[in-house]
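The residues making up each chain are set out below.
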Amino acid sequence: MPQKNNETLEHKLDRLIEAVARLAPRQTPEPDFDAADCFVWAADPGELEPVRRVNRVDIGLIKGVDRVRDILVDNTERFAAGLPANNVLLWGARGMGKSSLVKAAHARINAAHADGKSPLKLIEIHREDIDTLPKLMSLLKQAPYRFVLFCDDLSFDHDDTSYKSLKAALEGGVEGRPANVIFYATSNRRHLLPRDMIENERSTAINPSEAVEEKVSLSDRFGLWLGFHKCSQDEYLEMVVGYVRYHELEIDPETLRAEALEWATTRGSRSGRVAWQFTQDLAGRLGQPLKD
């Protein structure tokens, strides 16, 4: 009988140990930065997920933004070489290649290294995980690589205070931004905050100028502001022709022009995204595959 009681007690202790172990925080594995050139930050559980196949286009296919393209590539090249460089805010019209340009610039810099090594890593952080930036930066600061942190479609709404975490992580914290980390963001808003939010701060604050300064100072953390504007008809057609040539789609030039313009008219806009969507539709109708 005592032996049976001892076995029962041991079984209960084993179950208690298992339960406590499940409650303990899971050990976060060390990031394997050699696993890929690009990663996505999973804030919970705090891991970097490698991206084996990145959704991007060749930088030569991004048309109508030559000036900002050259500025971004130059800034990224200097950063990859260990030289001073700025955080970048790419803002403006939808569908004009802001996020595509960031990914394409990253690919170009790494492709330029003849030794086959990829010194520059691209890490995407989702807008809703901005407040975990300090945790992410602590994982990166000791790594033997340089990192472009990328947040697509960054903006902040009413009563959203997470922008303060971004301000501190970029420049304002005690440690400051690690030397091997730079931050690129895309947004439709130049100041990342809705205009009525800024105006409301101005009208209700005791000191309106200070309230607005607090909001606008977030975008000041970006040393480079690169504006993207709506494209002209000629620029739109140049984008379409570039895609068609790259993917070797067989179509008469006059027919291509007419169909591309009709497509833009039905969409009510012209942009790089519209040009790409037309190209996909065209390839499908022609029964021709697109290049990877």
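These numbers come from a predicted model, not from an experiment.

This part is about the overall build of the chain. Of regular secondary structure, the chain possesses 10 helices and 7 strands. When the 292 residues of the chain are sorted by exposure, 41% land in the buried category. Carbon and sulfur atoms make up 48% of the accessible area of the chain, which totals about 16,700 Å².

The next thing to look at is the side chain of serine 271. Position of serine 271 relative to the elements: it lies in the loop between helix 9 (253-267) and helix 10 (272-286). A polar contact of 3.3 Å, which involves the side chain of serine 271, links it to the backbone nitrogen of arginine 273. Here serine 271 is in contact with Arg94, Gly95, Met96, Cys231, Tyr236 and Met239, once residues within four sequence places are set aside.

Let's shift gears to helix 3 (residues 98-111). Between its first and last C-alpha, helix 3 extends 20 Å over 14 residues, near the 20 Å set by a 1.5 Å rise per residue. Of all the residues in helix 3, the buried ones are Lys98, Ser99, Leu101, Val102, Lys103, Ala104, Ala105, His106, Ile109 and Asn110.

Of the two faces of strand 7 (residues 224-228), the one holding Leu224, Leu226 and Phe228 is buried and the one holding Trp225 and Gly227 is not buried anywhere. Sheet analysis places strand 3 (residues 88-92) next to strand 7, joined by 5 bridges and oriented parallel. Bridge pairing in strand 7 places leucine 90 opposite leucine 226.

The subject of this paragraph is the packing of aromatic side chains. For the structure shown, the criterion picks out 6 aromatic pairs. Taken together, a centroid distance of 5.0 Å and an interplanar angle of 55° make the contact between phenylalanine 33 and phenylalanine 147 tilted. Here the residue phenylalanine 33 occupies a position in the loop between helix 1 (2-23) and strand 1 (38-42), and phenylalanine 147 occupies one in strand 5 (residues 146-151), the gap between them amounting to 114 residues. Residue phenylalanine 33 is classed as buried on the basis of its relative accessible area, which comes to 10%. With 5.1 Å between their ring centres and 50° between their planes, tyrosine 243 and tryptophan 276 make a pair best called tilted. Note that tyrosine 243 is positioned in helix 8 (residues 233-246) and tryptophan 276 in helix 10, a separation of 33 residues in sequence. Look at tyrosine 243 and you get buried, because its relative accessible area is 8%. The class for tryptophan 276 is partly exposed, based on a relative accessible area of 25%.

Here we come to the packing of helix 8 against helix 9. As a packed pair, helix 8 and helix 9 sit with axes 10 Å apart at the nearest point and diverge in direction by 120°. When the axes of helix 8 and helix 9 are compared, the pair comes out oblique. Judged by the twist between their axes, the crossing of helix 8 over helix 9 is right-handed. Taken together, the residues of helix 9 that come into contact with helix 8 (itself represented by Gln233, Tyr236, Leu237, Val240, Val241 and Val244) are Leu256, Arg257, Ala260, Leu261, Trp263 and Ala264.

Take unusual backbone geometry next. Of the consecutive residues aspartate 44 and proline 45, the connecting peptide bond is found in the cis state with omega at 25°. The topology assignment puts proline 45 in the loop between strand 1 and strand 2 (47-51). In this model, glutamate 248 sits at a positive phi of 55°, which is unusual for a non-glycine residue. Position of glutamate 248 among the secondary structure elements: in the loop between helix 8 and helix 9.

Moving on, we come to the nonpolar core. Judged by nonpolar contacts, the single largest core of 45 residues is most densely connected at Leu72, Tyr184, Phe228, Tyr236 and Val240. If you look at the next biggest cluster of nonpolar residues, it comprises 32 residues, including Leu89, Trp91, Ile123 and Ile130.

Sheet strands pair via backbone hydrogen bonds, and the direction of the pair is either parallel or antiparallel. Read across the open sheet, the 7 strands follow the order 2-1-4-5-6-3-7; overall the sheet is mixed. The strands lining the two open edges of the sheet, one partner per strand, are strand 2 and strand 7. The sheet shows a mean angle of 25° between the axes of neighbouring strands, direction not considered. Here strand 3 runs beside strand 6 (residues 181-187); their pairing, made up of 4 bridges, is parallel. Looking across to strand 6, one finds that leucine 90 is bridged to threonine 186.

What follows deals with the packing of helix 8 against helix 10. Each pair of packed helices can be described by the angle between their axes along with the distance between the axes. As a packed pair, helix 8 and helix 10 sit with axes 9 Å apart at the nearest point and diverge in direction by 40°. By the angle class used here, helix 8 and helix 10 are oblique. You can see that helix 8 and helix 10 cross each other, and the crossing is right-handed. Listed contacts from helix 10 to Tyr236, Met239, Val240, Tyr243 and Val244 of helix 8 are Gly272, Val274, Ala275, Trp276, Phe278, Thr279 and Leu282. Its residues assigned to classes, the contact of helix 8 with helix 10 shows 10 nonpolar, 2 polar and no charged.

Thresholds applied
Residues numbered from 1 in each chain as written. Predicted model: local features only at pLDDT ≥ 70, side-chain atom pairs only at ≥ 80, totals over all residues. Heavy atoms only, no water. Helix = DSSP H or I, 4+ residues; strand = E, 2+ residues; numbered from the N terminus. Buried < 20%, exposed > 50% of the residue type's maximum accessible area, 1.4 Å probe, protein only. Areas by Shrake-Rupley, 256 points an atom, 1.4 Å probe, with all protein chains shown as cover. Polar contact = N/O pair within 3.5 Å; in protein donor to acceptor, adjacent residues only side chain to side chain. Contact = heavy atoms within 4.5 Å. Expected span 1.5 Å × (residues − 1). Pairing = 2+ DSSP bridges. Phe/Tyr/Trp six-rings, centres within 6.5 Å; stacked < 30°, edge-to-face > 60°. Axes fitted to C-alpha atoms, helices over the stretch in contact; angles between N-to-C directions. Parallel < 35°, antiparallel > 145°, perpendicular 65-115°, else oblique. Left-handed = near helix turned anticlockwise from the far one by under 90°. Core = buried A, V, L, I, M, F, W, Y, C linked by side-chain atoms within 4.5 Å. Nonpolar A, V, L, I, M, F, W, Y, C, P; charged D, E, K, R; others polar.

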